[in-house]
Amino acid sequence: MASSLRTKFRIATTVLGARGFWDALAGRVLWQPVLNPLPSEERATGEEGRRSRGDGSQRLRGALHVHTCTYSDGAGTIEEVMDAAKAAGVDFVLLTDHNTMRPKTDGLEERYAGQTPFLIVGDEITVKGGAFLLALDMPADFEFAPGQDPQVAIDAILAAGGLPLVSLPDDMKHPWDAWDATGCAGLEALNLSTVAREHINLLSLAWLLPLWKLKGELAVLRAICTRPDASLASWDRLLAQGKKQIGLGALDAHALMKIGKKKHPIPSYENSFRAVTTHVLTLSPPFPLSPDNGKREGEQIRAVHEAIRAGHCYFAYDCLGEIGLDFSASPPPLSHPKGLLLGERGKGGERAILGDDAPLGSTLTATGPKTALLRLYRAGEGIVAAGKGSLSYVADKPGAYRIEAYLVGAQRGPLFVGARPWAFTNPIYVIPLS
Ligand SMILES: [Zn+2]
């Protein structure tokens, strides 16, 4: 009862509060018209352009945290979800129906193996108080009674060899408050449903409804692309404690929205998949794909799980521009021998990529589209910002360094006009040499 009252109060304060209104006024009504789309030459050139990364790795775009009507409370069947994913051009879908691994035992991963998009089955577990945990890379026979203590759920996922991540960490309806629980591997640092709940309210509808009528649903999703301040703050707080934490961009896609007592089929799966994806950098390329290549069955899924576990990923509002973002670290020239062995790929002093360790003194380099403003954060503290899609910084202190990229409408001297938050990398963990 207390929790339900708290939820109602939280929703009421958001609806009546000024955030949506002022954001709308200051952020998007003014800036939206001046936002330039990415120049065509900077767009990815088809599937191969998106995947080739020059260093043998591949970048796959995944729609994470999706529900179906077959296994839980989504609006669409698995076929409808996969058709929407194909139309949106994503490489894989991570299904997370509530408290079930049945899609896996029913053979759905095998059905889509070797195809684009392919399917990965995960689980979303309800814990005591109504919050949620994502359970990834789980065995098919995993069973867990919902509604238990968060720590019990995390321990059960870990004992099964899976990856527990906080789902909807700062959602107004389902916030996570067990931050002192141990063993969680990370969190959804961006969740489209949370962003939508924050920004679609009675005040903002005054301009979102006309926008929807005039330009369609995807334009509304573009309009609410904002920095997920609360979730990023939770992530930074954990990083500042010296924890390695994976950040993901997720959807909680149901293709259903409850307005009053009626449920409406918005936003569609396809538009959700176009709006936010997690870009996963796989070091053992699972492509090219071939439907009849039986040997590769399961290989793509393994590659994605390995990459997520290593934090080799970033997440982005793809509806603002689908293009690559690089973040890497080169060790200092006279690095301590130990420094050359750090990180997943640190053999022989190779550059580290996002998610890896790098020795103190490494040069951090970020590269994005020319229209990007890049900001470097160390555990939540803004360190440096650079325009024109290029940033370089010598890491002089240990810590978790991550990049936020903003697409800029125009640059006038030191002013960036119409900057929209676009992409967020996982950190590179700069560690002392001793
Ligand atoms: Zn969900």
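Scroll up to find the structure this text is about.
Calculation rules
- Residues numbered from 1 in each chain as written.
- Predicted model: local features only at pLDDT ≥ 70, side-chain atom pairs only at ≥ 80, totals over all residues.
- Heavy atoms only, no water.
- Helix = DSSP H or I, 4+ residues; strand = E, 2+ residues; numbered from the N terminus.
- Contact = heavy atoms within 4.5 Å.
- Areas by Shrake-Rupley, 256 points an atom, 1.4 Å probe, with all protein chains shown as cover.
- Core = buried A, V, L, I, M, F, W, Y, C linked by side-chain atoms within 4.5 Å.
- Buried < 20%, exposed > 50% of the residue type's maximum accessible area, 1.4 Å probe, protein only.
- Domains from an automatic or database assignment.
- Pairing = 2+ DSSP bridges.
- Donors = N, O, S within 2.8 Å, 3.2 Å for Na, K, Ca; no water.

Once that is clear, we can look at the overall build of the chain. Helices and strands together make up the secondary structure of the chain, namely 13 helices and 24 strands. In the chain, the proportion of contacts linking residues at least 24 apart, taken out of those at least 6 apart, comes to 72%. Approximately 18,300 Å² of the chain is accessible, and the part contributed by carbon and sulfur atoms is 58%.

Counting residues in hydrophobic clusters, the biggest one holds 94 residues, and the most contacted among them are Val66, Leu119, Leu133, Phe273, Phe327, Leu364 and Trp422. Considering every element that reaches this core, the biggest residue donor is helix H4 (residues 78-88), with 6 residues. When residues of this core are sorted by domain, at least three fall in each of domain 1 (2-320) and domain 2 (326-431). Residues in contact with Leu364, not counting those within four places in the same chain, are Phe327, Ser328, Ala329, Leu376, Leu391, Ser392, Tyr393, Ala395, Tyr401, Ile428 and Val430. Leu60, Leu165, Ala185 and Ile308 belong to the second-largest nonpolar core, a separate cluster that totals 20 residues.

A few words on the sheet that holds strand S14 (residues 352-353). Reading across from one edge, S14-S13-S16-S19 is the order of the 4 strands in this open sheet, with antiparallel pairing throughout. Each end of this open sheet is capped by a strand with a single partner; those strands are S14 and strand S19 (390-394). Two strands pair when backbone bridges link them, and strand S16 (residues 363-367) and S19 are joined in this way by 5 bridges, in the antiparallel orientation. Counterpart to Thr365 in the pairing with S19 is Ser392.

Glancing now at the coordination of the zinc ion. His65 (NE2), His67 (NE2), Glu124 (OE) and Asp252 (OD) make up the full set of protein donors to the zinc ion, lying at 2.0 to 2.2 Å. For the zinc ion, all donor residues lie on one chain, and their spacing in sequence is H-x1-H-x56-E-x127-D. Taken together, the residues span a long stretch of sequence, with His67 in the loop between strand S1 (58-66) and H4 and Glu124 in strand S4 (residues 123-126) at a distance of 57 residues.

So, on to the pairing of strand S20 (residues 399-407). By the criterion of burial, S20 is predominantly enclosed, with 8 of the 9 residues buried. When strand S17 (residues 372-378) meets S20, the two strands line up antiparallel, connected through 7 bridges. By the bridge assignment for S20, Leu373 is matched with Tyr406. Pairing of S20 with strand S24 (residues 428-431) involves 3 bridges; the strand directions are antiparallel. Its bridge partner being in S24, Tyr401 is matched across the sheet by Ile428. As defined by bridge partners, S20 adjoins strand S23 (residues 420-425) across 4 bridges and the pair is classed as antiparallel.

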